[in-house]
Every structure is written in structure tokens, then in C-alpha cells.
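Coordinate analysis (summary)
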Amino acid sequence: MKASLRALIAQGIDALRQAGTLPADAATPDFVVERPKTREHGDFATNAAMLLAKTARSNPRAIATALVAALPASDDVARVEIAGPGFINFHLTAAAYQREVATALRQGAAYGSNHSGAGRMVGVEYVSANPTGPLHVGHGRAGAIGDCIARVLAANGWNTRREFYYNDAGVQIDNLARSTQARAKGLTPDSEGWPEDGYRGDYIADVAQAYLDGDTVEFENHVVVGGKDPDDLDAIRQFAVAYLRREQNLDLAAFGVSFDVYFLESSLYADHKVEETVNKLVASGHTYEEGGALWLKSTDFGDDKDRVMRKSDGTYTYFVPDVAYHLSKWQRGYGRAITELGADHHGSLARVRAGLQALNEGIPAGYPEYVLHQMVTVMRGGEEVKLSKRAGSYFTLRDLIEEAGRDATRWFLIARKPDSQLTFDIDLARQQSNDNPVFYVQYAHARVCSLHRQAAEKGYAYDQANGLAHLARLDDELSLALMVELSRYPEVVENAGESLEPHAIAQYLRELAYAFHTWYAGTPVLIEDADARDARLALASAVRLALANGMDLLGVSAPEKM
């Protein structure tokens, strides 16, 4: 509908050029067509006249009057009004919304998708947890947000690649290896000789026992066998990383999250990519040496101060491999890169972008795009849940899925804007009531499926073609309100992709479900009049499609029975 109105407005502007009201070479402004906050002000409004006023050397209301008169006739537009300083409000006909029902049914699973991405490549990196322990709830929020961003971008026509970056090098991996070795030698976290920064969760004992048993670990086309020797620290390190990577993959699979690419931090060193990146930065002229260290002139690119790249002892600071890693994304064809991270990573963003700009590789400013999420507080019985015996110091994603279920876990972790604090109420997530948003939405979907089953039981053969032929029967207030809500779905999908805010899908689904439940309560569907019955079933079926498609973008199931 927005596209149709934009086309009408563009034709009206062209008519004003031809009439001399606008200069013949006047450019069409980047006007907006948007839904007003209330339908009392129309179904859509545009600011086109206000943007044209300066070019026309006239006041906005005069241009608005001329533009309204120049608009081509349309069966979709019931009337047009001028409001305020020059806004133009469009009131649409019921037929325009009735046609949306037919569009949804015709497009089916593709309803709501578009081609705005034009097949361009985008990489979406998320979770990227260190393979040092079970995934915690924060990783779960990252997984839900990142996976949904990838789904929404794909629905918007992007060629999407999902990527997991493993930090499999450094101090934390050494702590993992030494903790596992200590367990393999019979020590516990309370024993003398336990590593000072060792991991204390029970899962370390599981890893150690599997290593001593010579277990085989298969993950991502790799096979690692436990070496059984508690003194072979390198073998323990390799096995422990493999074991926990497999465990994390299993957790993510249970969560409905998958990846196309697994990228290892260690490969950046093995393939000399970190060193090559540093050499390129030196050659670019954006570095200098001071105090025995190598510095990046990151202030040249908007950072608040210059940053050390290579310390006086010859080791690199942690943001340098991040620059090398994101350079690899650009070199692998990711014209656009999105990285989902916890808000605690905020401090490193400017220096990574500065390093990429300093390379002079043609990488766009603002590459990569960052989506940051805030912490999650898990509540049960009115009290915060903090600990898990398995992990030792935090509540795990697996714990949460086992208690709340996959659908509720995904929904609750995606339902709020990423940069807002999130409270996950396990008790609410388990409720089968209208207070539970995922249950409320899924119940709307199941209710439509139930309508079709009941129709068959009553001997009513649903004829979709007949329903589409009689959509004009959907002219009552409740049906129109539901069709208006349905028509928003494609816009919501497009906007969620542009803003990288998939929580907007969840918010919309609740509103659509509310409109459907309200319509259902006030509209008898399985009536004797076959034409009206089929039209109402067609509307319900279109709503079911939007609900199912939207839940799929969130990775949530759409049950037919509840």
C-alpha cells in the first residue's frame, strides 16, 4: 500500500512539473508515506508538499492543495485531506484492505518478504562464545537476536551468512586446559594446587573424565580423541576446546540456532593474518612508535585517544586480531557486516572501526555495524536465579530451555529492544494464559486451524476462491480493523530489517493476535451463508499466514493445536 501511494504522489508531482507549478527540472524530494498514530487522521500521511514548498516558492498548504488536485484517481483512495501546515492524509477504501487478504493468500510463505537487499551479501556474527564452558543466558540472548536479524535480513532479500567466531587462543583457553588437567589429576576447586583462575563448574570434571576415557569428539567435520595422559597439556587443551565446542553446538541446535561459517581466532595467527594486518597499518602511515610500543592513530578516525597495537613485550592488544578478523570479512565478500555483542564490548568498537579505516582498503565508514545487547535477569518465584551447579557461577542457556521451553525462551529473549535490560520470568513463560505473549500469539494461530477443522466437521467445504470473490462482504468494523492490522505486516518486516530490530516482529504479532482474538469474539465465522463464511475463513487464513511467517522469523513454532 505504501508503494502504491508513493507511486500516486510521484505522478502528482510530475503533473505539477508539467503544469509549471514546479520547475521542470525540480527533483522529487525524499518524502515519506507513513501511518498516523490514529486512523482518525487517515490511513497514511505524507510530507511531500512541505518538502516541495521551497522549490515551488510557495507555502506548503498551497502546494498541498495543488498536489491533491493533481493526484491520479485511485480505487484504493476514498478521500484525501490536508492537515496542519501541509500534511496530506489519505483515507483508503475497504477494498484496498480486502485486497491485502488476497495478496497474503496468494503469496503464502513468501508474504511479507521483499527484495530490498537485492541479493547483496551480508555477514551476521553472533554468540561467538569462548569455548571454555556452557553457554549462559546472555549468550542465549545474543543467539536469539543474531539469528532473528539474519532471518529478517533474508526475508528482505539479503544473501545472508551466519558466522560464529571462536576465541580459541589466549589466557582463557590456557585456564581451561589447566583446570581440566587439575581435574584429570584428581584435584577439586578446593584443593591445594588448583589453578588460581581455574574454572570451577562441574562440567570441567566431565571434560576431564571424557579425556581420560579416550572419548571421541566429533564437531564441525573435526574429530578429536582423548589422549588419556594427564601430563600432556597440549592434548588436554585440544580435547577440552573440542569437547566444549561440541557442547555449545548442541545447546545452540536445541535453541534452533545454526551457522554457515565457524571462524577460529587461532587461524588468524596460524595464517599470519594478524601480522599482515599490522604491516598494512604501518604502511598506511597511521601508526607510530612510542615507549617501545606500536600505536594506532585511531584519533584520526574519531576515537577519543590513540591505541596501543603492539606492546613493548611484542604481544598484540586484543583489538588487533579483531581488526584482522573484520578485514577478512571484507575480503570474503561481506559488503555489509553486522556483529552482535554484549554491551560490555562497547569500548572496543571505535578502535576496531578506526583500524579498518586506517587500512585504506575501501572499507566503508561504520563497518562493521554493531548491535549490542544488555544483560538478562532470570526470575523464578519472584526471586533472581543466578547459579547453576553444572556451570558453577551462572545460569546456563540449557537450564533455561529445559525450564521454559525453546519457544518461550526464544520469544522472551527477543521480545525487547536489544539495548534494554531484560527480565526473564520463568513462571510467566510457562503459563498457558493470555498473559504469556508467546502462548497468546500461538493460540491465535491454533485457533484459525481449529476453525478449519470445525468447518470440516460441520460439513462446510471451505472454498478459498469463493471467499476471495466475496471479500467485499468483509465490510464491518471488526473485519476492517483486522485487515488494517494484517496489512502492516510487510512494512514491519521491512522496517525491522532496516533498523536491525527484530523485536518489532514480536510486538507486531501480539497486536495482530489481539486484533484477531477481538474479531473472533465478535464475528461468527461458521455460518450458513457460504459466501460470507468463506470470506471470513479467507481472512482468518490470511491472518494465520502472517502469524506463521512472523513466528518463523523469530524461530518460534506455529502449532495447529494447543
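To start, this report covers the structure provided alongside it. What you see is a predicted model; the values in this text were computed from it and never measured.

**Details of helix α16 (residues 437–457)**
Look at α16: 30 Å from first C-alpha to last across 21 residues, which is about the 30 Å you get at 1.5 Å a residue. Once α16 ends, the next one or two residues include Gly-459, with phi positive near 85 degrees.

**Observations concerning the environment of Ile-9**
By the secondary structure assignment, Ile-9 is in helix α1 (residues 2–19). Excluding residues that lie within four positions of it along the chain, Ile-9 makes contacts with Phe-31, Val-33, Thr-46, Ala-48, Leu-67, Leu-71 and Phe-90.

**Quick look at the pattern of salt bridges**
Opposite charge on two side chains makes pairing possible when the charged atoms of those side chains draw close. One pass over the structure, following the stated rule, counts 29 salt bridges. In this structure, Asp-147 engages Arg-162 in a salt bridge whose closest nitrogen and oxygen atoms are separated by 3.5 Å. Taken together, the residues Asp-147 in helix α5 (residues 137–155) and Arg-162 in strand β6 (residues 159–166) connect sequence positions 15 residues apart. Both residues of the pair, Asp-147 and Arg-162, count as buried. When the shortest N-O distance is used, the salt bridge between Glu-485 and Arg-488 registers 2.2 Å. For Glu-485, a relative accessible area of 15% gives the class buried. Residues joined in a network through salt bridges with shared partners are Asp-147, Arg-151, Arg-162, Arg-410 and Asp-552.

**Observations regarding the sheet that holds strand β10 (residues 287–290)**
As summarised here, the arrangement of the 3 strands in space is β10-β11-β12, forming an open sheet in which the pairing is antiparallel. Edge positions in the open sheet fall to β10 and β12 (307–310), since each of these has one partner strand only. Averaged over all neighbouring strand pairs, the angle between strand axes comes to 45 degrees, with direction disregarded. The pairing of strand β11 (residues 293–296) with β12 spans 3 bridges and is classified as antiparallel. Note that in β12 the partner of Trp-295 across the bridge is Val-308.

**Considering the sheet that holds strand β2 (residues 44–46)**
Strands belonging to one sheet form pairs held by backbone hydrogen bonds; the direction of such a pair is parallel or antiparallel. With respect to topology, 4 strands assemble into an open sheet ordered β1-β2-β4-β3, the strand pairing being antiparallel. Edge positions in the open sheet fall to β1 (33–34) and β3 (77–83), since each of these has one partner strand only. When β1 meets β2, the two strands line up antiparallel, connected through 2 bridges. Residue Val-33 lies in a different strand from β2, and its bridge partner there is Thr-46.

**Some details on α1**
If you check α1, its first and last C-alpha atoms are 26 Å apart, about what 18 residues at 1.5 Å a residue would give, namely 26 Å. When α1 is considered as a whole, its buried residues turn out to be Leu-5, Leu-8, Ile-9, Gly-12, Ile-13, Leu-16 and Arg-17. Two residues or fewer after α1 comes Gly-20, characterised by a positive phi angle close to 85 degrees.

**A look at the packing of aromatic side chains**
Centre-to-centre distance and the angle between the planes together describe a pair of aromatic rings. Tallied over the full model, the rule gives 19 aromatic pairs. Ring pairing ties together the aromatic residues Tyr-126, Phe-164, Tyr-166, Phe-259 and Tyr-262, which thus form one cluster. When the ring centre of Tyr-166 is taken as origin, the NZ or CZ atom of Arg-245, which lies over that ring, is 4.2 Å away. Over the ring of Trp-158 we find Arg-336; its NZ or CZ atom is 4.9 Å from the centre of that ring.

**Re unusual backbone geometry**
In this chain, Tyr-367 is followed by Pro-368 through a cis amide linkage whose omega measures -5 degrees. Turning to its location among the elements, Pro-368 is positioned in the loop between α12 (349–358) and β14 (369–373). Although it is not a glycine, Ser-128 sits at a positive phi angle of roughly 45 degrees. By secondary structure assignment, the location of Ser-128 is in the loop between β5 (121–125) and α5. When its relative accessible area of 12% is taken as the criterion, Ser-128 is described as buried.

**Describing the packing of helix α10 (residues 273–284) against helix α11 (residues 319–331)**
In the contact formed by α10 and α11, the axes pass within 9 Å of each other and the chain directions differ by 90 degrees. On the basis of their axis angle, the class for α10 and α11 is roughly perpendicular. Here Lys-273, Val-274, Thr-277, Val-278 and Lys-280 of α10 lie close against α11, whose contacting residues are Val-320, Pro-321, Val-323, Ala-324, Leu-327 and Gln-331. Class assignment for the residues of the contact of α10 with α11 results in 7 nonpolar, 2 polar and 2 charged.

**Focus on the side chain of Glu-491**
Among the secondary structure elements, Glu-491 is positioned in helix α19 (residues 489–499). By relative accessible area, which is 13% here, Glu-491 ends up buried. At 2.7 Å, the side chain of Glu-491 and the side chain of Arg-35 are in polar contact.

**Things to note about the side chain of His-139**
By secondary structure assignment, the location of His-139 is in helix α5. Assessed through its relative accessible area of 16%, His-139 is described here as buried. If we ignore the near neighbours within four places in the chain, the residues touching His-139 are Val-127 and Ala-129.

The rules behind these values
- Residues numbered from 1 in each chain as written.
- Predicted model: local features only at pLDDT ≥ 70, side-chain atom pairs only at ≥ 80, totals over all residues.
- Heavy atoms only, no water.
- Helix = DSSP H or I, 4+ residues; strand = E, 2+ residues; numbered from the N terminus.
- Expected span 1.5 Å × (residues − 1).
- Contact = heavy atoms within 4.5 Å.
- Salt bridge = Lys/Arg side-chain N within 4 Å of Asp/Glu carboxyl O.
- Buried < 20%, exposed > 50% of the residue type's maximum accessible area, 1.4 Å probe, protein only.
- Pairing = 2+ DSSP bridges.
- Axes fitted to C-alpha atoms, helices over the stretch in contact; angles between N-to-C directions.
- Phe/Tyr/Trp six-rings, centres within 6.5 Å; stacked < 30°, edge-to-face > 60°.
- Lys NZ or Arg CZ within 6 Å of the ring centre and 35° of its normal.
- Parallel < 35°, antiparallel > 145°, perpendicular 65-115°, else oblique.
- Nonpolar A, V, L, I, M, F, W, Y, C, P; charged D, E, K, R; others polar.
- Polar contact = N/O pair within 3.5 Å; in protein donor to acceptor, adjacent residues only side chain to side chain.

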